[in-house]
Amino acid sequence: MLDTATLSETQEVLQDSFDYTVFAWSKQKGISPIAVKYAKGVYLYDYDDKRYIDFSSGLMNVNIGHGNQRITEAVVRQMQEVSYVTPYCVTKVRGELGKKLAEICPGDLNKAFFTLCGATSNEAAIKLARLYTGRHKILSRYQSYHGATYGTLSVGGDPRKLTDDSQQAPNFVHIDIPYKYRWNHDEASMLTDSVEHLERVIAYEGPGNIAAIMLEGESGTSGCLQYPVGYLAAVREICDKHGILIIMDEVMSGFGRTGKWFGFENHGIVPDMVTMAKGITSGYIPFGCLMVTDKIASRYDDTVLATGMTYAAHPVGCAAALETLKVYEDENLIENTVEMGRYMDEQAAILMQKHPSIGDFRNTGLLGCFELVKNRKTKEPMAPFNARPEEMAVMSKVAAKIKELGMYTFVRWSYVFVAPPLCVTKAQIDEGLAIISEALKIADEYVVE
């Protein structure tokens, strides 16, 4: 630990965090985080007043943008009344939020169980699916992420779980869903093969053993891997046939991120459960929700629902969420997402013509990423799936350049993500893509024709 007496304010802020806190998903030495002093709209500002455009909305959660004082005021009002009651009490805001969520959810998804975050929402969904069906297995996608608790890490297919492989929770079964860029046949065969694969796995595992399938509304940090057209509709049909529940994880893709309230709405289905967090409060307060159908909820009218948590339906979280939902509507953020998403697609296409390192760009609304390759014909990625540090050399240079030029965004393996706050403007998209374009000159040098 260093003597902080001679350090600058920025250095002191960083040093205190290095000395007294632990960083998630990171080695603890050699990292270089931004010391954020304040944030506004789509921008972060450090202690030296350097501005960074936030092109991934934090972790794809600050959907309404930074520093919206409506949320601050709503939280303060609630705290002036009551900051906490047990889940066995109710507050006005609890019922108002549940009612609002029932209004924006399709079908009979009318019952809200409030949680603390995405992982606790998904844990609750897994538990409830098993309790409701009396079955034990949960299906999910290999390339997916659902949280970092033992249960959610196990149900996900993200390779970060491999470190804890021997400690994974049991009865999670994974399926593979190809994506168009790396499928070597026509799109129709991709759908057929994906559906047949799912049907085989269900047969192998025994449909009477499977409680639910958990899928992301739209793929996020695995690389924005879009579903084959018609896939989720086929999943709905198969699940109905076998009495299997569908859990849609909308933690990242929910609340306008894909141009709809929820990502699954782009596919014309209604699931049995929807898990939420991130955009429900835009990250201003940790909060989550599991939304279930009336049919599932009614099972527990006269039977104890065997799950809960101390901070369920926390009044302050409810207040932040309710006001955030009003902001989406009042500021037309979902409509803006559709418009800005189209503009992002147009400008990304121009960048693809300029940079041979861009193999593919995938985007739904404002949830997208560039996939970088060393060769467009072979599609060899600039960094492989689950790349080791030494295999990230080129991408690390790209990421460092992005930061140097004044951008914060998520860079992972061969992916550079573009998911700015939903209040973003065309000028800000131009600003962000110009920074990415400059950084991609580094990757272009490693392209082999």
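A quick note: this is a predicted structure, and the numbers were derived from the prediction, not measured.

1. Details of empty space enclosed by the protein
Applying the stated criterion across every chain, the model contains one cavity of 30 Å³ or more. There is about 40 Å³ of room inside the largest cavity. What lines the largest cavity is simply Glu218, Ser219, Cys224, Gln226, Asn363, Thr364 and Leu367. Here the lining of the largest cavity is composed, by residue class, of two nonpolar, four polar and one charged. Domain assignment of the residues forming the lining of the largest cavity places at least three in each of domain 1 (10–67 + 332–445) and domain 2 (69–331).

2. Considerations on the pairing of strand 6 (residues 172–175)
Of the two faces of strand 6, the one holding Phe172 and His174 and the one holding Val173 and Ile175 are both buried throughout. As judged from the four bridges shared by strand 5 (residues 137–141) and strand 6, these two strands associate in the parallel manner. Paired with Ile138 across the strands is Phe172, a residue of strand 6. Taken together, strand 5, helix 6 (residues 150–155) and strand 6 constitute a β-α-β crossover, and its handedness is right-handed.

3. Some remarks on the side chain of Ser437
Here Ser437 is to be found in helix 13 (residues 426–444). Given the relative accessible area of 6%, Ser437 is considered buried. Ignoring sequence-local partners within four residues, the contact set of Ser437 consists of Leu351, Lys354 and His355.

4. A word on the packing of aromatic side chains
The relation between two aromatic rings is expressed through the spacing of the ring centres and the mutual angle of the planes. Within the structure shown, the criterion is met by 15 aromatic pairs. Judged by centre distance (4.6 Å) and plane angle (5°), the ring pair of Tyr38 and Tyr45 falls under stacked. Exposure remark for Tyr45: the relative accessible area of 17% places this residue in the buried category. Measuring from centroid to centroid gives 5.7 Å for Trp261 and Tyr328, while their planes differ by 80°, and the two rings are edge-to-face. A residue pair is termed long-range when its members are at least 10 positions apart, and Trp261 in the loop between strand 8 (245–249) and strand 9 (273–276) and Tyr328 in helix 10 (residues 315–330) qualify at 67 residues. Residue class for Tyr328 comes out buried when judged on its relative accessible area of 1%. Of note, Arg51 hangs over the ring of Tyr43, and the distance from its end group to the ring centre comes to 3.9 Å. The residue whose ring lies beneath Arg160 is Tyr145, and the NZ or CZ to ring-centre distance is 4.4 Å.

5. Describing the sheet that holds strand 3 (residues 51–54)
Spatially, the four strands line up as an open sheet ordered 1-2-3-14, and their pairing is mixed. Where the open sheet ends on each side, the last strands, each with one partner, are strand 1 (36–40) and strand 14 (407–408). This element, helix 13, spans strand 2 (43–46), strand 3 and strand 14 of the sheet and lies at about 100° to strand 3.

6. As for the domain arrangement of the protein chain
We note that the domain assignment places domain 1 (10–67 + 332–445) and domain 2 (69–331) within the protein chain. Taking the mean C-alpha position of each, domain 1 and domain 2 sit 25 Å from one another. At the junction of the two partners, domain 1 supplies 41 residues and domain 2 supplies 44 residues. Approximately 3500 Å² of surface area, both sides summed, lies buried where domain 1 meets domain 2, with 55% of it carried by carbon and sulfur atoms. The interface formed by domain 1 and domain 2 contains two salt bridges.

7. Thoughts on the side chain of Ser357
Note that Ser357 resides in the loop between helix 11 (333–354) and strand 11 (358–364). Of the residues examined, Ser357 reaches a relative accessible area of 0% and is grouped as buried.

8. Observations concerning helix 8 (residues 231–242)
For helix 8, which comprises 12 residues, the first-to-last C-alpha distance of 17 Å matches the rise-based estimate of 16 Å (1.5 Å per residue) to within 8%. Considered for burial, the residues of helix 8 that qualify are Tyr231, Leu232, Ala234, Val235, Arg236, Ile238 and Cys239. Residues of helix 8 that are buried make contact with strand 6, helix 7 (187–205), strand 7 (210–216) and strand 8. Just past helix 8, the residue Gly243 takes up positive phi, approximately 70°.

9. Description of unusual backbone geometry
Peptide bonds are mostly trans, and most non-glycine residues show a negative phi. Of note in the backbone geometry, Trp25 takes a positive phi value of approximately 50° without being a glycine. Position of Trp25 among the secondary structure elements: in the loop between helix 1 (9–20) and strand 1.

10. Side note on the pattern of salt bridges
Enumeration over the complete set of coordinates arrives at 20 salt bridges. Across the salt bridge formed by Glu329 and Lys100, the nearest N and O atoms sit 2.9 Å from each other. With Glu329 in helix 10 and Lys100 in helix 4 (residues 92–104), the pair connects residues that are 229 residues apart, well separated along the chain. We classify Lys100 as buried; its relative accessible area is 13%. For Arg412, the salt bridge is made with Asp158, and the minimal N-O distance between the two is 2.6 Å. With Arg412 in strand 15 (residues 411–412) and Asp158 in the loop between helix 6 and strand 6, this pair connects stretches of sequence that are 254 residues apart. Each member of the pair, Arg412 as well as Asp158, carries the same accessibility label: buried. A single salt-bridge network, built from bridges that share partners, covers Arg182, Asp360, Arg362 and Glu371.

Rules and cut-offs
Residues numbered from 1 in each chain as written. Predicted model: local features only at pLDDT ≥ 70, side-chain atom pairs only at ≥ 80, totals over all residues. Heavy atoms only, no water. 1 Å grid on protein atoms, 1.4 Å probe; cavity = no way out; pocket = protein on both sides within 12 Å on 5 of 7 lines; lining within 4 Å. Points joined across faces, edges and corners; volume = space filled by probe spheres on them. Nonpolar A, V, L, I, M, F, W, Y, C, P; charged D, E, K, R; others polar. Domains from an automatic or database assignment. Buried < 20%, exposed > 50% of the residue type's maximum accessible area, 1.4 Å probe, protein only. Helix = DSSP H or I, 4+ residues; strand = E, 2+ residues; numbered from the N terminus. Pairing = 2+ DSSP bridges. Right-handed = clockwise from strand over helix to strand, strands pointing away. Contact = heavy atoms within 4.5 Å. Phe/Tyr/Trp six-rings, centres within 6.5 Å; stacked < 30°, edge-to-face > 60°. Lys NZ or Arg CZ within 6 Å of the ring centre and 35° of its normal. Axes fitted to C-alpha atoms, helices over the stretch in contact; angles between N-to-C directions. Buried area = accessible area lost by both parts, 1.4 Å probe. Salt bridge = Lys/Arg side-chain N within 4 Å of Asp/Glu carboxyl O. Expected span 1.5 Å × (residues − 1).

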